[in-house]
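Listed below, chain by chain, are the residues.
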Amino acid sequence: MNKILILILIGFVLLQGCTSTTSVPIKDVSLNKQKETEEKKMDNKTKINDYFPQEDNSEIEYIGNIWFRQWGVEFDKFQEIKQMLCFKIIKKWSDGFLCKISLKKNKEFKLPKERNCIGYFYIEKQKIIRLVEKKEKPWIVSEECIDSFIKEKKFPKESIVVCSDKEVKDTKEKEKKGWHNSISINGDTVIYKSNQQIKEDREPYFWEKIVWKRDVGIIEYRCGYKAGVDYIILENNSITKE
């Protein structure tokens, strides 16, 4: 009888020791799992702006025309193509992220190397800012500039808002010399336009247009020189025009 009591006491002591040193409240375990799940979702999802729902390394198919030529050479014919745009997240912060948008290599044609990139965009909750060093070539951003932005989050001097929940009026009269930039809103669509007027009352020397749609992203991109020289025109293949 004494042996049985001793064994029971030893078992009770061992059980108490295990429960007191290794037990974790069920509530804490569930909260930790919930936190881990939310963190994983934040890593995989980048949607903090309704006009930029793309995830890292995503690709979207567009249909359009690419028309490039060397100066002094006769114009080529229009060439309708299917083209993928690639979205690469460069760096994330608590209030936004930096994304590079570029054209995927296409066997049907070859672009000048510098035009394979559409540009670098910083996406935050209420607006999208394009990193720009030179207005006339907004798609070119140096490695030094990107490194500086990643370290200090310092925008290049010519950086500009290309998507916002507020309209931006052109500060210059139409066809007046200089740079013209505007943002207009039509329902769930935001339209950014930019052009450089070298001479008054003439066609713009440089022109660019980016159309953003809520919950879709870029549905149209147009960029070129003069009356259709060295240009790219792309439209989202999954969007039916109204």
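Here the structure is a predicted model, which means the values were calculated and not measured.

What counts, and where the lines are drawn
- Residues numbered from 1 in each chain as written.
- Predicted model: local features only at pLDDT ≥ 70, side-chain atom pairs only at ≥ 80, totals over all residues.
- Heavy atoms only, no water.
- Helix = DSSP H or I, 4+ residues; strand = E, 2+ residues; numbered from the N terminus.
- Areas by Shrake-Rupley, 256 points an atom, 1.4 Å probe, with all protein chains shown as cover.
- pLDDT = per-residue confidence, 0-100.
- Contact = heavy atoms within 4.5 Å.
- Pairing = 2+ DSSP bridges.
- Axes fitted to C-alpha atoms, helices over the stretch in contact; angles between N-to-C directions.
- Buried < 20%, exposed > 50% of the residue type's maximum accessible area, 1.4 Å probe, protein only.
- Arc of directions from axis to C-beta.

What follows deals with the overall build of the protein. Across its full length, the protein carries three helices and eleven strands. Secondary structure elements of the protein, listed N to C terminal, follow the sequence α-α-β-β-β-β-β-α-β-β-β-β-β-β. For the protein, the accessible area works out to roughly 16000 Å², and carbon and sulfur atoms hold 53% of it.

Moving on: the confidence of the model for the protein. Per-residue confidence for the protein gives a mean pLDDT of 79; residues scoring 70 or more make up 73%. Predicted confidence is poor over residues 17–24, with pLDDT under 50, and the contacts of this stretch with residues over four places away or in other chains come to two contacts. Within the model, the stretch residues 71–75 combines pLDDT values under 50 with seven contacts to residues more than four positions away or in other chains.

The subject of this paragraph is the sheet that holds strand β3 (residues 96–103). The pairing of strands in a sheet comes from backbone hydrogen bonds and takes either a parallel or an antiparallel form. Across the sheet, eleven strands lie side by side as β6-β5-β4-β3-β2-β1-β11-β10-β9-β8-β7; this open sheet has antiparallel pairing. The strands lining the two open edges of the sheet, one partner per strand, are β6 (160–164) and β7 (178–186). Within the sheet, the average angular offset between the axes of one strand and its neighbour, ignoring direction, is 25 degrees. Note: strand β5 (residues 127–131) against β6, four bridges, orientation antiparallel. Within β6, the position partnered with K127 by the bridge is S164. Across the sheet, helix α3 (residues 143–152) is in contact with β2 (80–93), β3, β4 (117–124) and β5; its angle to β2 comes to roughly 40 degrees.

Moving on, we come to the environment of G119. Inspection of the secondary structure assignment puts G119 in strand β4. Under the relative-accessibility criterion, G119 is labelled buried at 0%. When the C-alpha positions of G119 and P138 are compared, they lie 6.7 Å apart, and in sequence the two are 19 residues distant. In contact with G119, other than residues within four places in its own chain, are C99, K100, I101, R130 and W139.

We now examine the pairing of strand β9 (residues 206–213). Most of β9 is tucked away: six of the eight residues are buried. Alignment of strand β8 (residues 189–197) against β9, held across eight bridges, turns out to be antiparallel. Its bridge partner lying in β9, S194 is registered against E208. Looking at chain direction, β9 and strand β10 (residues 217–225) are connected through eight bridges and run antiparallel. Following the sheet pairing, E208 is matched in β10 by C223. The hairpin formed by β9 and β10 contains three residues between the paired strands, and D215 there has a positive phi angle of roughly 65 degrees.

Below, the discussion takes up α3. Within α3 the residues assigned to the buried category are C145, I146 and F149. Around the axis of α3, the buried residues are gathered within 100 degrees of arc, so they sit on the same side. Exposed residues lying more than 90 degrees from the buried face of α3 are E143, E144, K151 and E152. Along its buried surface, α3 packs onto β2, β3, β4 and β5. Trailing α3 by a residue or two, K153 shows a phi angle of about 55 degrees, which is positive.

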